[in-house]
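Now for the letters of each chain:
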Amino acid sequence: GTLGPAPALIGHRGAPMLAPENTQMSFEKMIEFGGDGLETDITISYDGVPFLMHDRTLRRTTNVNEAFPNRSSEPAAMFTWTELEMLNAGAWFLMRDPFGTVASLTQEDQGRAQNQSIQTLRDFLDLANR
């Protein structure tokens with residue numbers, strides 16, 4: 001068979017310059033800007049729930065140091081889904097401003113970014129299927 005045209009824009013972890021990577025907000029931003037596809041990374045929680053996480057640990061993109069200070073170096077896969085749901089996956093983005101773009105976000109988007117959580121694979125697939 002013949003392949004169609006190459007996609008012009010694929011959301012690598014969503015739109016990580018506009019929202020915290022691998023969050024619902026990040027993927028919604030990529031869809032809003034007309035992305036042709038979405039890319040993510042999957043880890044499986046200790047109790048078997050597939051969730052979106054690129055890094056081996058939760059330190060860079062969550063508040064695991066505050067929520068679980070004695071476990072912050074553990075692999076993400078060693079946390080249960082209930083524990084993962086307790087983490088904030090957005091505040092780091094506003095504090096570290098990894099792409100120097102936070103100032104360009106509206107107050108509403110900054111508020112949304114502040115309150116992002118870790119997403120399940122199911123959440124991601126539901127969003128991609130819209």
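Everything in this summary refers to the structure shown in the same document. (Residues numbered from 1 in each chain as written. Predicted model: local features only at pLDDT ≥ 70, side-chain atom pairs only at ≥ 80, totals over all residues. Heavy atoms only, no water.)

1. Notes on the overall build of the chain
When you go through the chain residue by residue, the secondary structure sums to 6 helices and 4 strands. Counted from the first residue to the last, the chain has its helices and strands arranged as β-α-β-β-β-α-α-α-α-α. Taking 14 Å as the expected radius of gyration for a compact globule of 130 residues, we find that the chain reaches 15 Å, a close match to that expectation. Viewed in the frame of its principal axes, the chain has a C-alpha envelope of about 50 × 40 × 20 Å. Burial statistics for the chain: of 130 residues in total, 45% are counted as buried. Relative to all contacts within the chain whose residues are 6 or more apart in sequence, the contacts with residues 24 or more apart total 59%. For the chain, the exposed area adds up to about 7300 Å²; of that, 53% sits on carbon and sulfur atoms. In the chain, which carries 10 positive and 17 negative side-chain charges, the distance between the mean positions of the two groups comes to 4 Å. (Helix = DSSP H or I, 4+ residues; strand = E, 2+ residues; numbered from the N terminus. Rg over C-alpha atoms; globule rule 2.2 N^0.38 Å. Buried < 20%, exposed > 50% of the residue type's maximum accessible area, 1.4 Å probe, protein only. Contact = heavy atoms within 4.5 Å. Areas by Shrake-Rupley, 256 points an atom, 1.4 Å probe, with all protein chains shown as cover. Lys, Arg positive; Asp, Glu negative; His and termini not counted. Charge placed at Lys NZ, Arg CZ, Asp CG, Glu CD.)

2. With respect to the environment of His12
Within the secondary structure layout, His12 lies in strand β1 (residues 10–12). Relative accessible area serves as the criterion here: at 42%, His12 is assigned to the partly exposed category. Along the sequence, His12 and Gly35 sit 23 residues apart, while their C-alpha atoms lie 10.0 Å from each other. In this structure the side chain of His12 is engaged in a polar contact, spanning 2.8 Å, whose partner is the side chain of Glu39. (Polar contact = N/O pair within 3.5 Å; in protein donor to acceptor, adjacent residues only side chain to side chain.)

3. Remarks on the pattern of salt bridges
Two side chains with opposite charge may pair up if their charged atoms get near one another. Under the defined criterion, the tally for this structure stands at 10 salt bridges. A salt bridge links Glu74 to Arg71; the shortest N-O distance between them is 3.3 Å. Taking the relative accessible area as the measure of exposure, Glu74 reaches 27% and is therefore partly exposed. Ionic contacts of the salt-bridge type, sharing partners, join the residues Arg13, Glu21, Asp41, Asp55 and Arg60 into one network. (Salt bridge = Lys/Arg side-chain N within 4 Å of Asp/Glu carboxyl O.)

4. Notes on empty space enclosed by the protein
Evaluation of the coordinates by the stated rule reveals 1 cavity of 30 Å³ or more. Around the largest cavity, the lining residues are Glu21, Asn22, Thr23, Leu52, Met53, His54, Thr61, Ala89, Ser117, Ile118 and Gln119. Its residues placed into classes, the lining of the largest cavity shows 4 nonpolar, 6 polar and 1 charged. (1 Å grid on protein atoms, 1.4 Å probe; cavity = no way out; pocket = protein on both sides within 12 Å on 5 of 7 lines; lining within 4 Å. Points joined across faces, edges and corners; volume = space filled by probe spheres on them. Nonpolar A, V, L, I, M, F, W, Y, C, P; charged D, E, K, R; others polar.)

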